[in-house]
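A structural walkthrough
Each chain is listed here by its residues.
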Amino acid sequence: MTEPIRLSPGDPAPDFTLPTDDGGRLALADLRGRRVVLYAYPAAMTPGCTKQACDFRDSLASLQAAGYEVVGISPDKPAKLAKFRDRDALTFPLVSDEDKAVLTAYGAYGQKQSYGRTVTGVIRSTFVIDPAGRIERAMYNVKATGHVAKLRRDLGLD
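Conventions used here
- Residues numbered from 1 in each chain as written.
- Predicted model: local features only at pLDDT ≥ 70, side-chain atom pairs only at ≥ 80, totals over all residues.
- Heavy atoms only, no water.
- Disulfide = S-S within 2.5 Å.
- Buried < 20%, exposed > 50% of the residue type's maximum accessible area, 1.4 Å probe, protein only.
- Axes fitted to C-alpha atoms, helices over the stretch in contact; angles between N-to-C directions.
- Helix = DSSP H or I, 4+ residues; strand = E, 2+ residues; numbered from the N terminus.
- Parallel < 35°, antiparallel > 145°, perpendicular 65-115°, else oblique.
- Left-handed = near helix turned anticlockwise from the far one by under 90°.
- Contact = heavy atoms within 4.5 Å.
- Nonpolar A, V, L, I, M, F, W, Y, C, P; charged D, E, K, R; others polar.
- Pairing = 2+ DSSP bridges.

**Concerning the state of the cysteines**
- Across all of its chains, the model carries zero disulfides by this definition.
- Here cysteine 54 stays free of any disulfide, with the sulfur of cysteine 49 as its closest cysteine sulfur at 11 Å.
- For cysteine 54, a relative accessible area of 13% gives the class buried.

Here it is in structure tokens:
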């Protein structure tokens with residue numbers, strides 16, 4: 001497998017329309033004119049992904065007040081995303097990328113290190129997309145714990 005794509009500031013954010021946790025569909029184009037935090041996580045309802053999602057939930061009001069919309073993306077089926085949303089009272093959309101095409105386009109799916117061995121999977125990543133649909137920040141291999149606090153500092157919110 002080749003190295004995954006890595007997006008950089010100024011690159012166009014790959015467009016997508018994906019099924020959501022509430023049975024609808026979300027298109028990145030529908031969020032044009034707003035700043036978007038798109039975060040990729042490996043699997044709903046796992047400890048690290050739950051910690052990260054809850055951190056985004058707990059910071060959502062201040063992120064939205066600063067003009068950011070938050071969207072989570074994983075390869076989980078919409079039904080599992082709905083359970084995750086309900087179990088943890090998540091208040092932002094979760095989108096399902098079962099075939100991993102969007103995750104791959106963002107460079108958030110590919111080879112990674114896990115417990116000292118090389119595996120293929122979702123690379124925990126966060127992308128800040130500007131109102132024109134361009135990448136403002138692309139952060140790869142982020143940690144589940146403490147990432148939202150770091151992102152808030154990087155965005156000048158803390």
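And the narrative resumes.
**Re the packing of helix H1 (residues 47-65) against helix H2 (residues 78-88)**
- Viewed as axis vectors pointing N to C, H1 and H2 meet at an angle of 60 degrees, and their least axial separation amounts to 11 Å. Compared by their axis directions, H1 and H2 come out oblique. The hand of the H1/H2 crossing is right-handed. Along the contact surface, H1 presents Cys49, Thr50, Ala53, Cys54 and Arg57, while H2 presents Phe84, Arg87 and Asp88.
- Looking at the contact of H1 with H2 residue by residue, the classes come out as four nonpolar, one polar and three charged.

**Focus: the pairing of strand E7 (residues 117-122)**
- For strand E6 (residues 109-114) and E7, the ladder comprises six bridges, and the chain directions are antiparallel. Pairing of glutamine 113 across the sheet is with threonine 118, part of E7.
- Linking E6 back to E7 in an antiparallel pair, the connection comprises two residues, with tyrosine 115 at a positive phi of about 50 degrees.

**Regarding the sheet that holds strand E3 (residues 35-40)**
- With respect to topology, five strands assemble into an open sheet ordered E5-E4-E3-E8-E9, the strand pairing being mixed. Here the strands that pair on one side only, and so sit at the sheet edges, are strand E5 (94-96) and strand E9 (135-140). Going across the sheet, the axis of each strand differs from the next one's by a mean of 20 degrees, ignoring polarity.
- Summarising the sheet, E3 and strand E8 (residues 125-129) pair through five bridges and their orientation is antiparallel. Following the sheet pairing, leucine 38 is matched in E8 by phenylalanine 127.
- The sheet strands contacting H2 are strand E4 (68-74) and E5, and the helix crosses E5 at an angle near 160 degrees.

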